Amino acid sequence: MRPPTLHALLCLCSCLALVHPFDWQDLNPVAQIESAARFSKLQALMAVATFGQTKIPTGNGPYSVSCTDLMFKYTNKSTFLRLYYPSQGEEHSETIWIPNKEYFFGLSKFLGTHWLMGKLLNSVFGSLTTPVSWNSPLRTGEKYPLIVFSHGLGAFRTIYSAIGIELASQGFIVAVVEHRDGSASATYYYNDQSAAERGKKTWLYLQTVKQEEEVPVRNEQVQLRAKECIQALDLILCADCETKNVLDLEFDIQQLKDSIDRNKIAIMGHSFGGATVIQALNDDQRFRCGIALDAWMLPLAEEVLPNFSQPLFFINSERFQYPDNIIKMKKCDSPGKERKMITIKGSVHQNFADFTFATGKIIGHMFALQGTIDSKVAIDLSNKASLAFLQKHLELQKDFDQWNDLIEGKDENLIPGTNIDTTS
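Predicted model, so just to flag it, every value in this text is computed and none were measured. (Residues numbered from 1 in each chain as written. Predicted model: local features only at pLDDT ≥ 70, side-chain atom pairs only at ≥ 80, totals over all residues. Heavy atoms only, no water.)

Undergrad: Teacher, can you tell me more about the pairing of strand β12 (residues 312–317) here?
TA: Both faces of the sheet carry side chains from a regular strand, because those side chains alternate between them. Where burial is concerned, most of β12 is hidden: 6 out of the 6 residues are buried. Burial of the side chains of β12 extends over both faces: Leu312, Phe314 and Asn316 are buried on one face and Phe313, Ile315 and Ser317 on the other. Inspection of the sheet shows strand β11 (residues 289–293) paired to β12 by 4 bridges, in the parallel sense. Each bridged residue has a counterpart across the sheet, and for Leu293 the counterpart in β12 is Ile315. Here β12 runs beside strand β13 (residues 339–344); their pairing, made up of 6 bridges, is parallel. Bridge pairing in β13 places Phe314 opposite Met341. As for the winding sense of the linkage, the β-α-β connection from β12 through helix α10 (residues 323–330) to β13 is right-handed. (Buried < 20%, exposed > 50% of the residue type's maximum accessible area, 1.4 Å probe, protein only. Helix = DSSP H or I, 4+ residues; strand = E, 2+ residues; numbered from the N terminus. Pairing = 2+ DSSP bridges. Right-handed = clockwise from strand over helix to strand, strands pointing away.)

Undergrad: Help me understand the pattern of salt bridges, please; the structure alone is not making it clear to me.
TA: When the charged atoms of two side chains lie near each other, side chains of opposite charge can form a pair. The tally for this structure, following the rule as stated, stands at 15 salt bridges. Between Lys101 and Glu102 there is a salt bridge; the shortest N-O distance is 3.5 Å. Its relative accessible area of 43% is what places Lys101 among the partly exposed residues. The buried category is assigned to Glu102, whose relative accessible area is 17%. (Salt bridge = Lys/Arg side-chain N within 4 Å of Asp/Glu carboxyl O.)

Undergrad: How do you make sense of the side chain of Thr276 when you look at a structure like this?
TA: Relative to the assigned elements, Thr276 resides in helix α9 (residues 272–283). The exposure class assigned to Thr276 is buried, which follows from its relative accessible area of 0%. Engagement of the side chain of Thr276 in a polar contact is seen with the side chain of Ser150, the distance being 3.4 Å. Among the polar contacts made by the side chain of Thr276, one reaches the side chain of Arg225 at a distance of 3.0 Å. Those residues within four positions of Thr276 in sequence are excluded, and the remaining contacts are Ser150, Val222, Arg225, Ala226, Cys229 and Ile267. (Polar contact = N/O pair within 3.5 Å; in protein donor to acceptor, adjacent residues only side chain to side chain. Contact = heavy atoms within 4.5 Å.)

Undergrad: Explain the nonpolar core to me, please; I cannot follow it from the model alone.
TA: What tends to happen in soluble globular proteins is that the nonpolar side chains get buried as a cluster. The biggest cluster of nonpolar side chains holds 66 residues, and the ones touching the most others in it are Phe172 and Ile315. Phe72, Leu300, Phe308 and Leu312 belong to the second largest nonpolar core, which has 56 residues in total. (Core = buried A, V, L, I, M, F, W, Y, C linked by side-chain atoms within 4.5 Å.)

Undergrad: I'm lost on the packing of aromatic side chains in this one. Help?
TA: The description of an aromatic ring pair rests on the distance of the ring centres and on the angle between the ring planes. This structure, assessed with the given rule, holds 15 aromatic pairs. Geometrically, the ring pair formed by Tyr63 and Tyr144 is edge-to-face, given 6.1 Å between the ring centres and 80 degrees between the ring planes. A residue pair is termed long-range when its members are at least 10 positions apart, and Tyr63 in the loop between α2 (29–49) and β1 (65–72) and Tyr144 in strand β6 (residues 144–150) qualify at 81 residues. Relative accessible area serves as the criterion here: at 0%, Tyr144 is assigned to the buried category. Cluster of aromatic residues (ring-pair linked, three or more members): Phe80, Tyr103, Phe156, Tyr188, Tyr190, Trp203 and Tyr205. Sitting over the ring of Phe272, Arg225 keeps its end group 4.1 Å from the ring centre. (Phe/Tyr/Trp six-rings, centres within 6.5 Å; stacked < 30°, edge-to-face > 60°. Lys NZ or Arg CZ within 6 Å of the ring centre and 35° of its normal.)

Undergrad: Before we go on, may I ask you to explain the packing of helix α7 (residues 214–237) against α9 in this structure?
TA: The description of two packed helices rests on the angle between their axes and on the distance between the axes. Put simply, α7 and α9 touch, their axes get as near as 8 Å, and they point 65 degrees apart. Relative to α9, α7 is oriented roughly perpendicular. Crossing geometry of α7 relative to α9 is assigned as right-handed. Side by side, α7 and α9 meet where Arg218, Gln221, Val222, Gln223, Arg225, Ala226, Cys229 and Ile230 of the first sit next to Phe272, Gly273, Ala275, Thr276, Gln279, Ala280 and Asp283 of the second. In terms of residue class, the contact of α7 with α9 is made up of 7 nonpolar, 5 polar and 3 charged. (Axes fitted to C-alpha atoms, helices over the stretch in contact; angles between N-to-C directions. Parallel < 35°, antiparallel > 145°, perpendicular 65-115°, else oblique. Left-handed = near helix turned anticlockwise from the far one by under 90°. Nonpolar A, V, L, I, M, F, W, Y, C, P; charged D, E, K, R; others polar.)

Undergrad: Could you clarify how one ought to interpret helix α13 (residues 375–394) in this entry?
TA: Note that an α-helix has 3.6 residues per turn; residues three or four places apart therefore point the same way. Between its first and last C-alpha, α13 extends 28 Å over 20 residues, near the 28 Å set by a 1.5 Å rise per residue. Of all 20 residues in α13, 15 are buried, a share of seventy percent or more. Within two residues after α13, Glu395 carries a phi angle of roughly 55 degrees, on the positive side. (Expected span 1.5 Å × (residues − 1).)

Structure (structure tokens):
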């Protein structure tokens, strides 16, 4: 079973494409006019789909939060990430959620629809913002724990802002890696310095994988994803490197090197990113613990599962998990190694990504972008449980231990362990 391929209104878009089919083989002027009329109708339908949407939540912690993008080096071997961090001042400006139309085209390709569907998504969601300032100076004067975050299949670096903002507001630096392994809906790089100076992006879109090739391809991808997370960590921590941001933004990268506690580093991820967490824990001991959000376990080789010693926390949705996946999670258990698992009642796979906030309730429930639990309650439970786990295993001097009961599943909206029966 693959994770749901919806990371926006993908199912909705498929339905709309079927209701309003387009014939691109013979576009005469009349057909073009008809297509424009259909496009307007689709826009109206999409506007209805977003009616009643909620905003992406602001951070609850004491720190102001900003974000920036960092790209190190050139070609498709470069490292690209969205950085959330405690910032100076009390700015309350907002940042565009999905900054390039090509990401919407990538989502339409992910759907298997025409590029026009990407144009439609861009017209509806292209101006949506997330409650975080852009490129503000880092708040210096203390050392922050670092979290490297790995996105899910068909996702990209910007769509986990509800998690990044909350963790940064609580005093973490969060680096959300945009993977180049073919699992992102879209990503881009610059071939060389000249291309960067001219703004000439080279775009990569989602790799299509045949069903019979899924296991070996995904295993190759999860290993590459872990390497990308480790490479991002190396570049962020490299005190002796003259690291340059290819994007040429004003953010001072050198400040990072004196503002990160090198003994307090964790890794988190959602879905395919949850599998990446486990692979990275196996590959690099600098990650002192890991949090896997609704992990998709298929990509992982069996020998990796019991092989790492760092603490691991599975936070699952009620609706996504299935026996084979849970069985594979349980194979991570070993004597003397801390493994925790909770399940959020009434939640779905998309409750961990920002798309759960981007659609109205009717469409959100209809296409499993939202569960029966309120989306803000679900992400709040996940974030608080994560903070409690991080405090324990990164030895933080915070008050996150007030949520220790959540790690054990002690809440009316939580299930200790799993709701899935693996005995049959």
